[in-house]
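Each chain is listed here by its residues.
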Amino acid sequence: MAIRELDSTPSLATLYPKALLGFRKTGSSLPDTELVRTGVVVDPAHLAAYNTVCGFRLSDELPATYPHMLAFPLQMALMTESGFPFPLLGMVHVANRITQRRALRLGEPLTIRVRAENLRPHEKGRQFDVVSEAWAGDDLVWVDVSTYLRRSGASGASARREQLAPPTPDAIWRVPGDIGRRYAEVSGDRNPIHLHPLTARLFGFPRAIAHGMWTKAHALAAFEGRLPSAFTVDVRFKQPVLLPAKAGFTTWADGDGWAFELWSKAKPHLEGTITSL
């Protein structure tokens, strides 16, 4: 694999125009490239803004979902390169698994590494993983696997889905209509489907939708004070959360961890588990 070290964090302001221009990209293989950024240190003000938007307490300990903010510019840079086989616009984030091997804190210099791998069939097209890692010195401390779907003709067996009744919620989420814009401010993810009803309609959504990683972070915030220092939180994104929204959040014990779901009426938005290491 070709390792490419970056001198600075990629600018999202320049990457989004590249994403718009790359809508006709095609290909059959992922690039054999890993992007690396060393000496990454968290900005305390940015962490505080992220914690506020996502519902975490203000602390010098990073939420397990926060390093995704550090990796996101590298993910964008990788997926907007000319050799990447799929256009960024139109891809669907279908799953995300984060493993935190120990708690991370403000002031720690980190090395962020990002690569794409495991291109495989999906019943609605093709899917692949973007793997992001955070290293503290020689120690791998955090791993994020984001699975994306590129829709196309069916290339895998279709599975039957059982329609389930929504569970009794433990809490009701009242998600404001501007949460997409507020999360975009801290994450840099300014995909137009999250920002305004008019731009969301251009991509087939009746209203703006919440970021999947915001719903995951907000779900994880519900477990603050109960999480071990080392764990995996694994989610699958189902139906989008149309903004504004009212949704039921349900949790239950699951072995040595927890499981959780976010529902609206009879539609699941998010399914996840938290497992101790």
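So, here's what we can say about the structure. (Residues numbered from 1 in each chain as written. Predicted model: local features only at pLDDT ≥ 70, side-chain atom pairs only at ≥ 80, totals over all residues. Heavy atoms only, no water.)

So, about the side chain of Gln75. With respect to the helices and strands, Gln75 occurs in helix 3 (residues 67–79). You can call Gln75 buried: its relative accessible area is 0%. Leave out the neighbours within four places in its chain, and Gln75 touches His68, Val114, Val130, Ser132, Asp144 and Tyr148. (Helix = DSSP H or I, 4+ residues; strand = E, 2+ residues; numbered from the N terminus. Buried < 20%, exposed > 50% of the residue type's maximum accessible area, 1.4 Å probe, protein only. Contact = heavy atoms within 4.5 Å.)

What follows is about the sheet that holds strand 5 (residues 125–136). With mixed pairing, 11 strands are arranged side by side in an open sheet as 1-2-4-5-6-3-8-11-10-9-7. Of all strands in the sheet, those bounded by a partner on one side alone are strand 1 (2–5) and strand 7 (171–175). Along the sheet, successive strands turn relative to each other by an average axial angle of 20°, direction set aside. The pairing of strand 7 with strand 9 (residues 245–254) spans 5 bridges and is antiparallel. Bridge pairing in strand 9 places Trp173 opposite Ala247. Each of strand 2 (33–40), strand 3 (92–100), strand 4 (110–122), strand 5 and strand 6 (139–151) touches helix 3; the most contacted strand, strand 4, lies at about 60° to it. Against the sheet, helix 6 (residues 212–221) contacts strand 3, strand 7, strand 8 (231–237), strand 9, strand 10 (257–264) and strand 11 (267–276), and its axis sits at roughly 135° relative to strand 8. (Pairing = 2+ DSSP bridges. Axes fitted to C-alpha atoms, helices over the stretch in contact; angles between N-to-C directions.)

Taking 1.5 Å of rise per residue, 13 residues should cover 18 Å, and helix 3 covers 18 Å from first to last C-alpha, within 8% of that figure. The sharpest bend along helix 3 measures roughly 30° and falls at Pro73. For helix 3, a buried count of 13 out of 13 residues is recorded, marking the element as mostly surrounded by other parts of the structure. (Expected span 1.5 Å × (residues − 1). Bend = angle between axes of the 7 residues up to and from the residue.)

Remark: helix 2 (residues 44–54) packs on helix 6, axes separated minimally by 9 Å, with the N-to-C direction vectors making an angle of 85°. One element, helix 2, and the other, helix 6, form an angle in the roughly perpendicular class. Contact residues: Tyr50, Val53 and Cys54 in helix 2; Trp214, Ala217, His218 and Ala221 in helix 6. Looking at the contact of helix 2 with helix 6 residue by residue, the class counts come to 6 nonpolar, 1 polar and no charged. (Parallel < 35°, antiparallel > 145°, perpendicular 65-115°, else oblique. Nonpolar A, V, L, I, M, F, W, Y, C, P; charged D, E, K, R; others polar.)

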